[in-house]
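Results of the structural survey
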Amino acid sequence: MVVQFLKSGPAILRNRGLILSMLVLICLLCGSVNLHAEQVAVIVNKDGPLSHLSKTEIRGIYLGEIRFVGGMPVRPIQYAEGQVKEAFLSNVIGLSAKDYKLYWVKKLFQEGLTPPLVKTDPSEILNAVREDPWGIGYLPKEFANEASEIQIIYIIQEERH
Amino acid sequence: MVTIQSSKIRYLIKKQAFFISLVLLALFQATPLRADEQDRTQISTQSQPSISDRQQEEINQLRQRIQILEEKESSEDLHPQFGMNLGAYGDVNFFTKDREANHPSFSLGSLDLYSTSHFGPRLTFLAELQLEINGQTSGGNFDLERFWVGYTFNDLLTVRVGRQHTALGYWNNTYHHGKQLFLTVDRPFFLAFEDDGGVLPVHTVGIELMGSQSLPTLRWMYELDIGNGHRIDSTTKLLVPNDIADNNSAKQVALRLSIQPNRLPGLTLGVFGTSDRVGTDANGNIDERVFGSDFSYMHNNVEFITEYFKMLNLDHDATAYYIQLGYKVARDITPYTRYETLDVNPADPYFSELQNNTSRHQTIAGVRYDIDELRSALKFQYRRDRKVGSETFHVLEAQWSFSF
């Protein structure tokens, strides 16, 4: 009876090996994408006034639209050129790296404002945020996971292909 | 018979089990591992030094940092800041016969030099000088186009004093003298600078208050200018911003309010107005009022700007508007088009004093090619220039704009 059950049904269902192989293939593909996904963390000083910033406010800071919080100047720090920065700009700012540069070229010419400082080393970003209650930066989340005196306020899932 | 069937069943079950195992293995690989992260957190907690040691270390680090900053500040005070952030914009043009030139011509554009600096996050400086060739000679004019110092109290209030662009609409606030930064060969003709025959008071010498506030649904901005009014030079028939002294006691006031909805990134809506007592030789002082609105959308591949101006002078009024659309079709190529118009009453005492004193309409269509989006672009455009009581010109123009 079991054999009959396994042998009965529409032809496609009888090809269980093919179906299961396809399921395996789909799962492996999903797994391969997740294997290369990395997270980017936006960090602030744990004891500072920036711990409740929304995504819109983070965007405003990195566009120079929000320059002060609580009457004090905010000090945003950028990551070096690369996928981390592109993920942040795409997800939070809504601009490509090139458009972001062009935005700041115009901002400099119009208002004399300079773009956020660039740090190439994640430890420099961590130290800068630790030392400055009004500091804010972003970096690969793995560097922020164990770091003391900083707080992660926003996480971006960076997809690599 | 029964033995053969049961062995077949066992075989099929084994086969199914094998494939199910593969599926489970693939799912297990897809799940990010978390256990090792928990272990690392526990380890880091266990190895922390005592609180007082940590605090002492922080205090020592802060002391060192303060010392370094004090030394740096005292040494920086001695270094001049002008030119630390120095840039230039330029352009070279070619055009066929048009209203200003009788022959196809190459033309030197302007060399626009600017420098910005800041001292701390609150004090900002900007100077913009433009060198333009004067007529047919190789001599030029050096104009101080923008020159201001500003202090920022907070996001809601920045005060600037000096010469700046009047808070009149989107284009005048956004685009200055660097043609590399805008899509087309030139500004809408009625927004030309005063010394180029423009009809609007686009520069103000005085004080500007500006600020913005980010709210949950939108960001709103304001600019308020109070400065010297303008006069019309009876010899050149050009509008002149009174840079050194006002010619009457009335001050020009301009205000622009604009919003940017958060849900529509790239969209800006603005309303603006200005009141100016313009001195003229023939008609005395003319109280000029300009009101208008602007709408711009700059997002993804779209660049759309439209502005409307209503100019009220005594019993007469004039209107001007333009609509501009550009769409990036490839990484470096953006076709565009613009229609711009100025409708003037010939009896208007304000316009009768100016060079551009009749109704005029222009249509342009062109394409911009970015050699480098930040540094250099080629623009090619066709311009149809119609002026009431005058010949219509069909002009082909090319421009190579650059910045360095």
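Residues numbered from 1 in each chain as written. Chains lettered and ligands numbered in written order. Predicted model: local features only at pLDDT ≥ 70, side-chain atom pairs only at ≥ 80, totals over all residues. Heavy atoms only, no water.

**Section: the overall build of chain B**
- In terms of regular secondary structure, chain B is built from 4 helices and 18 strands.
- Of the contacts formed within chain B by residues at least 6 apart in sequence, a portion of 52% connects residues at least 24 apart.
- For chain B, the exposed area adds up to about 21,500 Å²; of that, 60% sits on carbon and sulfur atoms. (Helix = DSSP H or I, 4+ residues; strand = E, 2+ residues; numbered from the N terminus. Contact = heavy atoms within 4.5 Å. Areas by Shrake-Rupley, 256 points an atom, 1.4 Å probe, with all protein chains shown as cover.)

**Describing the nonpolar core**
- If you look at the biggest cluster of nonpolar residues, it comprises 37 residues, and the most contacted ones within it are I43(A), I58(A), Y62(A), F88(A) and I136(A).
- Among the elements of the structure, β1 (38-45), α4 (55-62), β4 (75-79), α5 (83-93), α6 (97-111), α7 (122-131), β6 (135-140) and β7 (150-158) of chain A are those that each provide at least two residues to this core.
- At 6 residues, α5(A) tops the list of elements feeding residues into this core.
- Non-local contacts of I43(A), meaning those with residues more than four positions away in its chain, are made with I125(A), L126(A), V129(A), G135(A), I136(A), G137(A), L139(A), A144(A), I150(A), Q151(A) and I152(A).
- Counting residues in each nonpolar core, the second largest holds 29 residues, with L168(B), A318(B), A320(B) and V344(B) among its members. (Core = buried A, V, L, I, M, F, W, Y, C linked by side-chain atoms within 4.5 Å. Buried < 20%, exposed > 50% of the residue type's maximum accessible area, 1.4 Å probe, protein only.)

**Topic: the pairing of strand β5 (residues 157-165) of chain B**
Residue and element names in this part refer to chain B.
- Within β5, 7 of the 9 residues are buried, which leaves the element mostly enclosed by the surrounding structure.
- Relative to β5, strand β4 (residues 140-154) runs antiparallel, the two sharing 7 bridges. Following the sheet pairing, G150 is matched in β5 by R160.
- From the end of β4 to the start of β5, which pair antiparallel, there are 2 residues.
- Bridging between β5 and strand β6 (residues 203-214) involves 8 bridges; their strand directions are antiparallel. Looking at β6, one finds that H165 is bridged to H203. (Pairing = 2+ DSSP bridges.)

**Considerations on α6(A)**
Residues and elements named next belong to chain A.
- Its 15 residues place the ends of α6 21 Å apart at the C-alpha level, agreeing with the 21 Å of an ideal helix rising 1.5 Å per residue.
- Where α6 is concerned, the buried positions are Y100, L102, W104, V105, K107, L108, F109, Q110 and E111.
- Taken from the residues just after α6, G112 is the one with a positive phi, measuring 75°. (Expected span 1.5 Å × (residues − 1).)

**Section: the packing of α4(A) against α5(A)**
Residue and element names in this part refer to chain A.
- Two numbers describe how α4 lies on α5: the axes approach to 9 Å, and their chain directions differ by 120°. For the element pair α4 / α5, the angle class is oblique. Residue-level contacts link K55, I58, R59 and Y62 of α4 to F88, N91, V92 and I93 of α5.
- In terms of residue class, the contact of α4 with α5 is built from 5 nonpolar, 1 polar and 2 charged. (Axes fitted to C-alpha atoms, helices over the stretch in contact; angles between N-to-C directions. Parallel < 35°, antiparallel > 145°, perpendicular 65-115°, else oblique. Nonpolar A, V, L, I, M, F, W, Y, C, P; charged D, E, K, R; others polar.)

**Section: the confidence of the model for chain B**
All names here are of chain B.
- On average, residues of chain B score 85 in pLDDT, and 81% of them reach the 70 mark or higher.
- Confidence scores differ between elements of chain B, with helix α2 (residues 35-46) showing the lowest mean pLDDT of 38 and strand β15 (residues 333-343) the highest of 97.
- Contacts for the low-pLDDT stretch residues 30-47, under 50 throughout, to residues beyond four places or in other chains number 3 contacts.
- If you check the scores for this complex, the pTM reads 0.77 and the ipTM reads 0.76. (pLDDT = per-residue confidence, 0-100.)

**Topic: unusual backbone geometry**
Residue and element names in this part refer to chain A.
- Despite not being glycine, E149 has its phi angle at roughly 65°, a positive value.
- Structurally, E149 is set in the loop between α8 (141-145) and β7.
- Relative accessible area serves as the criterion here: at 22%, E149 is assigned to the partly exposed category.

**Concerning a nonpolar patch on the surface**
Residue and element names in this part refer to chain B.
- Taken together, the side chains of F119, F125, V149, V161, I207, I226 and V253 present a nonpolar region at the surface, about 530 Å² in accessible area.
- With respect to the secondary-structure elements, V161 resides in strand β5.
- On the basis of relative accessible area, V161 is assigned to the partly exposed category, the value being 44%. (Patch = residues over 30% accessible without salt bridge, like charges linked within 9 Å, V, L, I, M, F, W, Y side chains within 5 Å. Salt bridge = Lys/Arg side-chain N within 4 Å of Asp/Glu carboxyl O.)

**Here's the deal with the packing of aromatic side chains**
- Taken as a whole and assessed by the stated rule, the structure comprises 24 aromatic pairs over all chains.
- Look at F402(B) and F404(B): their rings are 6.2 Å apart centre to centre, the planes differ by 15°, and that puts the pair in the stacked class. (Phe/Tyr/Trp six-rings, centres within 6.5 Å; stacked < 30°, edge-to-face > 60°.)

**Examining the pattern of salt bridges**
- Taken as a whole and judged by the stated rule, the model has 25 salt bridges over all chains.
- For the salt bridge of K85(A) with E81(A), the shortest nitrogen-to-oxygen distance reads 2.9 Å.
- A salt bridge links K98(A) to E373(B); its shortest N-O distance comes to 4.0 Å. With one member in each of two chains, K98(A) in helix α6 and E373(B) in the loop between β16 (360-372) and β17 (376-387) form a pair that bridges those chains.
- The exposure class assigned to E373(B) is buried, which follows from its relative accessible area of 10%.
- Because the salt bridges share partners, they merge into one network encompassing D98(B), R99(B), R360(B), R383(B), D385(B) and E397(B).

**Brief notes about the side chain of S401(B)**
- Take S401(B): it is sitting in strand β18 (residues 393-403).
- The class of S401(B) is buried, set by a relative accessible area of 0%.

**Some remarks on the environment of L218(B)**
Residue and element names in this part refer to chain B.
- Tracing the chain through its elements places L218 in strand β7 (residues 218-228).
- A relative accessible area of 22% means that L218 is categorised as partly exposed.
- With 122 residues separating them in the primary sequence, L218 and E340 have C-alpha atoms 30 Å apart.
- Other than its neighbours up to four places away in sequence, L218 contacts Q213, I259, Q260, P261 and N262.

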